[in-house]
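What the coordinates show
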Amino acid sequence: MFFIDTLELEGLGNRSYLAGGTGTAVAVDPPRDIDQVLAAAARRGVRISHVVETHVHNDYVSGGQDLARLTGAVHHVPAAARVSFPRNPVHDGDTFTVDEGITLRALATPGHTPHHTSYVLEEEGAAAAVFTGGSLLIGTVGRPDLVEPRLTEELARAQHASAHRLAAELPDDTEVLPTHGFGSFCSSAQADGNATTIGKEKSGNDALVQDVDAFVAALLAGLDDVPAYYAHMGPTNAAGPAPVDLTAPPVADAADIAARLAAGEWVVDLRNRIAFAQGHVAGSFNFEADGKLATYLAWLIPWGKPVTLLAESPEQLAKAQRELARVGIDRPAAAATGDPSEWISAHEELRSFPRATFADLAAAAPGGHRIVLDVRRDSERADGWIEDSVHIPVHQLHRRQGEIPAGVVWVHCAGGMRAGIAASLLDAAGRDVVAVDDSFDAARSAGLPIVAGPRPRR
């Protein structure tokens, strides 16, 4: 009998897998921090004999090369992928044995990338599961616009063909196990559920129920923003990432924190947005450790800028460091843990700003002027926005702060997390800000005027 263990990477919205039999196993699309893959293998009592990549990833740094080096496993990478490290080039139809009676068969499924490859897990020659990476996802497919703009439509059509190939060649009860689709921006839409099969996808996945022209038109129209750090992930993975280093960073005291802020470095407070609003180091930014830390910090920070992390506990710091290493922010310049009062000198004071609900916003200036900043993405705002609000997506806020009128800024997103990030950025720049920590669904019931219609133009 075979086993399949799922390794969740919740912060990035991805999954990795370990699959095998009684003695040996294969790791599929492993993350940078390979210790969790090794721990999963140890719990199963198996040796990792193979490591496979479905594609050169655009949203996280792969641990495949390092895992293969440490375990002696064969590292399989699609043959057409341009990489600079030794690997076993995989071609369509290649098979290899994972354990007795358990094999993997490669299926070329271009679309997410030109070289994308899925792997069918077969037991005694019968398909049991397919690792689809960024090809066929739960209710959707991987986005086709991350490689080269001129290839986007061609790859979208390839996604349609690849989905149909998987549906045609695999039994309906074959389990579909994608890497993307659980919050990753590599997915063209988010997963509806946690599990699926080929049969279920045949009945509901647009790639399998729409003709190619309708599918491509809808797919291209719905593509969302691309995180800026994605531009660095593909080249890093193609070159062969360095082994991860999760040792503790140097400890920063109040003087060191002040000096780093004065030098223009980023000081990031990992505490929850409520605690940050109540009191924080002036000039620091708030990216919650329990939010989508890696995605948004890597998206906003100038690439290569030194970052110092402030955390409420060593455990919170270690978790954040692990998440950031997954996207190539390898070594914090320094870090501090404890109470924020310990992060400032005796003559300094902590900064703070108020939090509010949409009902508070409605009551603050009924029928009058107010500065409302909407930091949601374009695709979210298209579904409705507060009348006369300024729209700057949070990932563009650093370079567009000059567009915000003078006065107190009420900043909101869809739920509160990104409003907390934006409020911290504005507070650090010296603006008076109120963080609306509320679901956008509450804006209409609060009596705020909501505009709905075509996507607004800036």
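Above this text you will find the structure in question.
Below or above, wherever it landed, is the structure these notes cover. (Residues numbered from 1 in each chain as written. Predicted model: local features only at pLDDT ≥ 70, side-chain atom pairs only at ≥ 80, totals over all residues. Heavy atoms only, no water.)

**Some points on the sheet that holds strand S14 (residues 307-311)**
If you walk across this open sheet you meet the four strands as S13-S12-S14-S15, and the pairing is parallel. Looking at which strands have only one partner, the edges of the open sheet turn out to be strand S13 (285-286) and strand S15 (334-337). In terms of strand pairing, strand S12 (residues 266-269) meets S13 through two bridges, oriented parallel. Looking at S13, one finds that Asp269 is bridged to Asn286. Its contacts with the sheet place helix H8 (residues 254-262) against S12, S14 and S15, and it is angled at close to 135° to S15. Packed on one face of the sheet, helix H11 (residues 314-325) meets S14 and S15 and runs near 145° to S14. (Pairing = 2+ DSSP bridges. Helix = DSSP H or I, 4+ residues; strand = E, 2+ residues; numbered from the N terminus. Contact = heavy atoms within 4.5 Å. Axes fitted to C-alpha atoms, helices over the stretch in contact; angles between N-to-C directions.)

**Thoughts on empty space enclosed by the protein**
Summed over the entire model, instances satisfying the criterion amount to five cavities of 30 Å³ or more. The calculated volume of the largest cavity comes to roughly 100 Å³. As for the largest cavity, its lining consists of 13 residues, and the residues nearest its centre are Glu53, Val56, Ser62, Phe85 and Asn237. Looking at the lining of the largest cavity, the elements that each hand over two or more residues are helix H2 (64-71) and strand S5 (74-78). Here the lining of the largest cavity is built from residues that sort into five nonpolar, seven polar and one charged. Of the volumes computed, that of the second largest cavity is approximately 50 Å³. As for the second largest cavity, its lining consists of Arg273, Asn286, Phe287, Glu288, Gly291, Lys292, Leu293, Tyr296, Met417, Gly420 and Ile421. Of all the elements in the fold, those that place two or more residues in the lining of the second largest cavity are helix H10 (293-300) and helix H15 (417-428). The biggest single contributor to the lining of the second largest cavity is H15, with three residues. The class makeup of the residues in the lining of the second largest cavity is five nonpolar, three polar and three charged. (1 Å grid on protein atoms, 1.4 Å probe; cavity = no way out; pocket = protein on both sides within 12 Å on 5 of 7 lines; lining within 4 Å. Points joined across faces, edges and corners; volume = space filled by probe spheres on them. Nonpolar A, V, L, I, M, F, W, Y, C, P; charged D, E, K, R; others polar.)

**Quick word on the pattern of salt bridges**
Applying the stated rule across the entire model yields 30 salt bridges. Notably, a salt bridge pairs Asp172 with Lys202, separated by 2.7 Å at the nearest N-O pair. In this pair, Asp172 is assigned in the loop between helix H3 (152-169) and strand S11 (175-178) and Lys202 in helix H4 (residues 198-204), connecting sequence segments 30 residues apart. We classify Lys202 as partly exposed; its relative accessible area is 34%. (Salt bridge = Lys/Arg side-chain N within 4 Å of Asp/Glu carboxyl O. Buried < 20%, exposed > 50% of the residue type's maximum accessible area, 1.4 Å probe, protein only.)

**Description of the packing of H3 against helix H6 (residues 212-221)**
The interhelical angle for the contact between H3 and H6, taken along N-to-C directions, is 125°, at an axis separation of 9 Å. Classified by the angle their axes make, H3 and H6 are oblique. The way H3 lies across H6 gives a crossing that is right-handed. Residues Thr152, Glu153, Ala156, Arg157, Gln159 and His160 of H3 lie in contact with H6, whose contacting residues are Val212, Asp213, Phe215, Val216, Leu219 and Leu220. Taken together, the residues of the contact of H3 with H6 sort by class into six nonpolar, three polar and three charged. (Parallel < 35°, antiparallel > 145°, perpendicular 65-115°, else oblique. Left-handed = near helix turned anticlockwise from the far one by under 90°.)

**So, the pairing of strand S20 (residues 409-412)**
Neither face of S20 is left uncovered, since the one carrying Val409 and Val411 and the one carrying Trp410 and His412 both have all their residues buried. In the sheet, strand S17 (residues 371-374) pairs with S20 via four bridges, with the strands oriented parallel. By the bridge assignment, Leu373 is partnered in S20 with Val411. In the sheet, S20 pairs with strand S21 (residues 433-436) via three bridges, with the strands oriented parallel. When the bridges of S21 are listed, Val411 appears paired with Ala435. Crossover handedness for the path S20 to H15 to S21: right-handed. (Right-handed = clockwise from strand over helix to strand, strands pointing away.)

**Some words on unusual backbone geometry**
Of note in this structure, Asp29 is not a glycine but carries a positive phi near 50°. As for its position among the elements, Asp29 is in the loop between strand S3 (24-28) and helix H1 (35-44). With a relative accessible area of 0%, Asp29 lands in the buried category. For Glu124, which is not glycine, the phi torsion reads 50° and is therefore positive. On the secondary structure map, Glu124 appears in the loop between strand S9 (117-123) and strand S10 (126-133). Judged by relative accessible area, Glu124 falls into the exposed class, the value being 66%.

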